[in-house]
Amino acid sequence: MQLQDENEIAGTPVPPEERAIVLVGLMGAGKSTVGRRLANALHLQFHDADHEIETAAGCSITDFFEKYGEPAFREGERRVIARLLDGPRHVLATGGGAFMDPTTREIIKRKGISVWLRADLDLLMARVAKRQTRPLLKTADPRATMQKLMDERYPVYAGANITVDSNGGPHEAIVQQIVHQLASAMEKMTS
Ligand code: S3P
């Protein structure tokens, strides 16, 4: 995609106090669970980008990948996230690949406060093993696939405004850490 198009889709930057809080990180990091609790703590609405894509498409993410493929999914994801971030301030859980898409990342940078939920391989694998809903992990060796995704994605996730370790402890503690770091992240955006 050309830079001009990216700018067009990403739109103008939003003041920090109006920005959505956008959770990024790998599958199994706890973005939806932590996001819901964070939204409660901040008295904001919660949205889940994957869920919104499923509603818009009228099928599951797995079926979407099978029918239309990953590039079409990323396109839908980009549009859904752009639409949500144009709405009222909220907490948004994104799918693990969203922040890897240059246009989606630009939209989040202009309109959101990004929070990376960082987790180690064992924790991610223990969490994703509970549900078979991740098309990218339908491989001969899901653990090796997850490791590869960590290698590719962690350097990019590291560009988020806030990083918090999702270490298997109580979700409430993670929420408190995010709340604690929000003010200084917002200050940095204005300076
Ligand atoms: C993906 C993560 C999934 C979902 C899709 C692709 C990814 O979301 O968007 O299966 O590329 O990492 P979760 O991170 O919520 O599992």
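Residues numbered from 1 in each chain as written. Predicted model: local features only at pLDDT ≥ 70, side-chain atom pairs only at ≥ 80, totals over all residues. Heavy atoms only, no water.

How should the overall build of the protein chain be read in this particular structure?
Of the regular secondary structure elements, the protein chain holds nine helices and five strands. In the protein chain, the succession of α and β elements from N to C terminus is α-β-α-β-α-α-α-β-α-β-α-α-β-α. The C-alpha radius of gyration of the protein chain comes to 16 Å, within 12% of the 16 Å expected for a compact globule of 191 residues. When its C-alpha atoms are laid out on the principal axes, the protein chain stretches across 50 × 40 × 30 Å. Here the analysis covers contacts within the protein chain between residues at least 6 apart in sequence; of these, 74% occur between residues at least 24 apart. A total accessible area of about 9,700 Å² is found for the protein chain, and carbon and sulfur atoms account for 51% of it. Averaged over its 24 positive side-chain charges, the protein chain has a centre that lies 3 Å from the centre of its 25 negative ones. (Helix = DSSP H or I, 4+ residues; strand = E, 2+ residues; numbered from the N terminus. Rg over C-alpha atoms; globule rule 2.2 N^0.38 Å. Contact = heavy atoms within 4.5 Å. Areas by Shrake-Rupley, 256 points an atom, 1.4 Å probe, with all protein chains shown as cover. Lys, Arg positive; Asp, Glu negative; His and termini not counted. Charge placed at Lys NZ, Arg CZ, Asp CG, Glu CD.)

How should the nonpolar core be read in this particular structure?
Generally speaking, nonpolar side chains in soluble globular proteins are found buried as a group. Grouped together as the largest cluster of nonpolar side chains are 57 residues, with contacts concentrated most on Leu-26, Leu-85, Leu-124, Met-146 and Ile-178. Discounting chain neighbours no more than four positions away, the residues touching Leu-26 are Lys-31, Leu-124, Met-146, Leu-149, Met-150, Arg-153, Tyr-154 and Tyr-157. (Core = buried A, V, L, I, M, F, W, Y, C linked by side-chain atoms within 4.5 Å. Buried < 20%, exposed > 50% of the residue type's maximum accessible area, 1.4 Å probe, protein only.)

I'm lost on the site of the ligand in this one. Help?
Residues in contact with the ligand amount to 13 residues; listed here are only the nearest, Lys-31, Asp-50, Arg-74, Gly-96 and Arg-153. The contact in question runs from an oxygen atom of the ligand to an N or O atom on the backbone of Gly-97, over 3.3 Å. Within the side chain of Arg-153, an N or O atom sits 2.6 Å from an oxygen atom of the ligand. Surface burial for the ligand is 94%, taken as the share of its 380 Å² of free accessible area covered by protein chains. Looking at the shell around the ligand, its residues break down into five nonpolar, three polar and five charged. (Near = heavy atom within 4 Å. Polar contact = N/O pair within 3.5 Å; in protein donor to acceptor, adjacent residues only side chain to side chain. Nonpolar A, V, L, I, M, F, W, Y, C, P; charged D, E, K, R; others polar.)

Hey, could you run me through the packing of aromatic side chains in this one?
Aromatic rings in a pair are described by how distant their centres are and how their planes are angled relative to each other. For the structure shown, the criterion picks out six aromatic pairs. Taken together, a centroid distance of 6.0 Å and an interplanar angle of 70° make the contact between Phe-64 and Phe-73 edge-to-face. For the pair formed by Phe-64 and Phe-73, the shared burial category is buried. Judged by centre distance (5.8 Å) and plane angle (50°), the rings of Trp-116 and Tyr-157 are tilted. Separated by 41 residues along the polypeptide, Trp-116 in strand S4 (residues 112-118) and Tyr-157 in helix H8 (residues 142-157) bring together distant segments of the chain. (Phe/Tyr/Trp six-rings, centres within 6.5 Å; stacked < 30°, edge-to-face > 60°.)

What exactly am I supposed to notice about helix H7 (residues 121-128) here?
The α-helix winds at 3.6 residues per turn, so residues separated by three or four positions along the chain end up facing the same way. Of all the eight residues making up H7, six are buried; the element is thus mostly covered by neighbouring parts of the structure. Buried residues in H7 make contact with H8 and helix H9 (171-190).

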